[in-house]
Amino acid sequence: MAKYLLLKHYRGAPASVNDAPMDQWKPEEISAHVQYMNDFAARLEQTGEFVDSQALAPGGTFVRYDGEGRPPVTDGPFAETKDLIAGWMVIDVDSYERAVELAGELSAAPGAGGKPIHEWLELRPFLGSHCTITE
């Protein structure tokens, strides 16, 4: 088994087919999207392929150690994960091909108007998880 991280992006990836920002969705569209994600995770729990998943709040802060008693907090002039990453799921599957198959299925979660998003998901193997870096 090999572990993979599926990253859902707010931006930074190519635009999805159904590209309406979530803050413009109706409450029932958000509920349907979350239900799809929960049902997907529950199905993977049954097959032993689900490890964990979380949606991330949009806020966040970079913190850097700058000497004794002085941890500065900054929002810096660089892209931050709070602007890019919406959530993640970790799966543990038998092959890279299975990871790609599941990422493709997760990409079809419903969005605005109940239509599939067909969003791009970033698929990243865990280093040392029975996979090569070139996958």
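Right above here is the structure, for reference.
What this report covers is the structure whose coordinates are included nearby. Because the structure is a prediction, the values reported are computed rather than measured.

**Points about the nonpolar core**
No. 1: Among the nonpolar cores identified, the biggest contains 17 residues, and Leu44, Met89, Ile91 and Leu106 are the most heavily contacted of them.
No. 2: At the level of secondary structure, the elements contributing two or more residues to this core comprise strand S1 (2–9), helix H1 (27–47), strand S5 (85–93) and helix H3 (96–106).

**Here we look at the side chain of Glu119**
No. 1: By secondary structure assignment, the location of Glu119 is in the loop between H3 and strand S6 (121–125).
No. 2: Under the relative-accessibility criterion, Glu119 is labelled buried at 12%.
No. 3: What Glu119 contacts, discounting residues up to four positions off in sequence, is Lys8, Ser16, Leu106 and Ser107.

**Concerning the environment of Phe40**
No. 1: Examined against the element boundaries, Phe40 turns out to sit in helix H1.
No. 2: C-alpha of Phe40 to C-alpha of Glu105: the two residues are 65 residues apart in sequence and 8.8 Å apart in space.
No. 3: Setting aside its immediate chain neighbours within four residues, Phe40 contacts Met89, Leu102, Glu105 and Leu106.

**What to know about the side chain of Asp92**
No. 1: Position of Asp92 relative to the elements: it lies in strand S5.
No. 2: Separated by 3.2 Å, the side chain of Asp92 and the backbone nitrogen of Ala2 make a polar contact.
No. 3: Contacts of Asp92, omitting those with residues within four sequence positions, involve Met1, Ala2, Lys3, Gly48, Glu49 and Val51.

**Focus on the packing of aromatic side chains**
No. 1: By the definition in use, this model includes 1 aromatic pair.
No. 2: Measuring from centroid to centroid gives 6.3 Å for Tyr4 and Tyr96, while their planes differ by 50 degrees, and the two rings are tilted. Here Tyr96 lies in helix H3 and Tyr4 lies in strand S1, a separation of 92 residues in the sequence.
No. 3: Judged by relative accessible area, which is 1%, Tyr4 ranks as buried.
No. 4: A relative accessible area of 32% means that Tyr96 is categorised as partly exposed.

**Thoughts on the sheet that holds S6**
No. 1: Ordered in space as S2-S5-S1-S6, the 4 strands form an open sheet in which the pairing is antiparallel. Looking at the sheet topology across the chains shown, the edges are occupied by strand S2 (50–55) and S6. Going from strand to strand, the sheet's axes swing by 15 degrees on average, the running direction of each strand aside.
No. 2: With 5 bridges connecting them, S1 and S6 associate as antiparallel partners. Looking across to S6, one finds that Leu5 is bridged to Arg124.
No. 3: The strands touched by H1 within the sheet are S1, S2 and S5, with S5 carrying the most contacts at an inclination of about 20 degrees.

Calculation rules
Residues numbered from 1 in each chain as written. Predicted model: local features only at pLDDT ≥ 70, side-chain atom pairs only at ≥ 80, totals over all residues. Heavy atoms only, no water. Core = buried A, V, L, I, M, F, W, Y, C linked by side-chain atoms within 4.5 Å. Buried < 20%, exposed > 50% of the residue type's maximum accessible area, 1.4 Å probe, protein only. Helix = DSSP H or I, 4+ residues; strand = E, 2+ residues; numbered from the N terminus. Contact = heavy atoms within 4.5 Å. Polar contact = N/O pair within 3.5 Å; in protein donor to acceptor, adjacent residues only side chain to side chain. Phe/Tyr/Trp six-rings, centres within 6.5 Å; stacked < 30°, edge-to-face > 60°. Pairing = 2+ DSSP bridges. Axes fitted to C-alpha atoms, helices over the stretch in contact; angles between N-to-C directions.

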